[in-house]
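Remarks on the overall topology
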Amino acid sequence: MPELPEVETIRRQLEPVLVGQTVERVDVLWHKSLVFQGVGTAPLVGRRVEAVGRRGKMLIFSLDGDLSVLAHLRMTGQLVWSDGGGTGGRDVATRVVIWFEGGGVLLFNDQRKFGSLVVLATDQVGAEGLLARMGPEPLADMFDADALGAGLSRRPRSTVKAALLDQTVVAGVGNIYADEVLWAARVHPESTTSALGAVQLEAIVRGLVEVLTTSLERGGATMRNYVDAAGNRGTYLDVAHVFGRTGQPCGRCGAAIAKIRVAGRGTHVCTGCQVLFT
Ligand SMILES: [Zn+2]
């Protein structure tokens, strides 16, 4: 599932090619992949893209005429751009094809069909269910241990892993980066949030910045389906510390990486150097 670095990678690729482009035609190949929310079936055709933003794992396309499109990629969603006027990258999983007057084509591919493009009024974007409750962006300048602590304090008895996956605590973190960040912070994923002190909160904040920045530099992480807007896979997993490294020696202490279950998710941990706080 695309997390912050993957979605931000796509955003950075789409922004320079999409802003200023006008929609020429929209082909909907699976009706549930394009949802109109409170705007009838407001036509996208003729509208110009004004901005490509991101919040958490969600992309936000702002169009003129006060219309926006939220892209929820969920499990297997892909946004692939082709500027040759053709539909390279189009396959059986292609659900929506958006043609632009400049000759480019944006494909929304979604094998499992859990994702969607949601069209709504721009002034309703902030009120949209998940966006309205979403926690702080971990790469924002103002994000710090206090901001993280405030989010965690609402889940005092939760494991820290479950809390990091909660989009209302911190935006954009999913299973891969939660494991990586907790390794970086030397905190065991089963630790209770209320047992973490200022030192651990600072370490988790540093881990978030370090891990997410590294992944952004590598174009994100591809486990199965993720590709960026150019159809390329991300290479973060080549340098991952614990995720997908079960049984391998920890790069810091040499103990074997274990895979356990936390918050209902397969969780990678070094039991040699990640401390359990309860
Ligand atoms: Zn270790």
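Before reading further, recall that the structure is shown in the block above.
Quick caveat, the model's predicted, so the values are computed rather than measured.

1. Some remarks on the layout of surface pockets
Within this model, the largest pocket holds a volume of roughly 330 Å³. Met-1, Asn-175, Met-223, Phe-243 and Arg-265 are, among the 15 residues lining the largest pocket, the residues nearest its centre. If you list the elements that add at least two residues to the lining of the largest pocket, you get α5 (175–184) and β11 (265–270). A total of three residues in the lining of the largest pocket trace back to one element, the largest contributor, which is β11. Here the second largest pocket defines a volume of roughly 220 Å³. Lining the second largest pocket are 16 residues, with Met-1, Met-75, Thr-76, Arg-224 and Asn-225 positioned closest to its centre. Along the lines of polarity and charge, the residues of the lining of the second largest pocket split into seven nonpolar, six polar and three charged.

2. Some thoughts on the sheet that holds strand β2 (residues 34–36)
Taken in spatial order, the five strands make up an open sheet running β2-β9-β5-β4-β3, and their pairing is mixed. The open sheet has two edge strands with one neighbour each: β2 and β3 (49–55). In this sheet, neighbouring strand axes are inclined to one another by 20° on average, regardless of whether the strands run parallel or antiparallel. One ladder, built from six bridges, connects β3 with strand β4 (residues 58–63); its direction is antiparallel. If you follow Arg-55 over to β4, its bridge partner there is Met-58.

3. Observations regarding the side chain of Glu-3
Its place among the elements puts Glu-3 in the segment before α1 (4–18). Despite its burial, Glu-3 pairs with no opposite charge; the closest candidate is Lys-57, at 5.8 Å N-O. Polar contacts involving the side chain of Glu-3 include one to the main-chain amide nitrogen of Tyr-177, which spans 3.4 Å. Ignoring any residue separated from it by four or fewer positions in sequence, one finds Glu-3 in contact with Lys-57, Gly-172, Val-173, Gly-174, Asn-175, Ile-176 and Tyr-177.

4. Details of α1
Residues that lie three or four places apart on an α-helix share one face, since the helix turns once every 3.6 residues. Helix length check: α1 (15 residues) gives 20 Å between terminal C-alpha atoms against 21 Å at 1.5 Å per residue, within 8%. Considered for burial, the residues of α1 that qualify are Leu-4, Pro-5, Glu-6, Val-7, Glu-8, Thr-9, Ile-10, Arg-11, Leu-14 and Leu-18. Directly beyond the C-terminal end of α1, a positive phi value near 95° is found at Gly-20.

Here is what the cut-offs are and how they apply
- Residues numbered from 1 in each chain as written.
- Predicted model: local features only at pLDDT ≥ 70, side-chain atom pairs only at ≥ 80, totals over all residues.
- Heavy atoms only, no water.
- 1 Å grid on protein atoms, 1.4 Å probe; cavity = no way out; pocket = protein on both sides within 12 Å on 5 of 7 lines; lining within 4 Å.
- Points joined across faces, edges and corners; volume = space filled by probe spheres on them.
- Helix = DSSP H or I, 4+ residues; strand = E, 2+ residues; numbered from the N terminus.
- Nonpolar A, V, L, I, M, F, W, Y, C, P; charged D, E, K, R; others polar.
- Pairing = 2+ DSSP bridges.
- Axes fitted to C-alpha atoms, helices over the stretch in contact; angles between N-to-C directions.
- Buried < 20%, exposed > 50% of the residue type's maximum accessible area, 1.4 Å probe, protein only.
- Lys, Arg positive; Asp, Glu negative; His and termini not counted.
- Salt bridge = Lys/Arg side-chain N within 4 Å of Asp/Glu carboxyl O.
- Polar contact = N/O pair within 3.5 Å; in protein donor to acceptor, adjacent residues only side chain to side chain.
- Contact = heavy atoms within 4.5 Å.
- Expected span 1.5 Å × (residues − 1).

So yeah, pure geometry; function would need other evidence.
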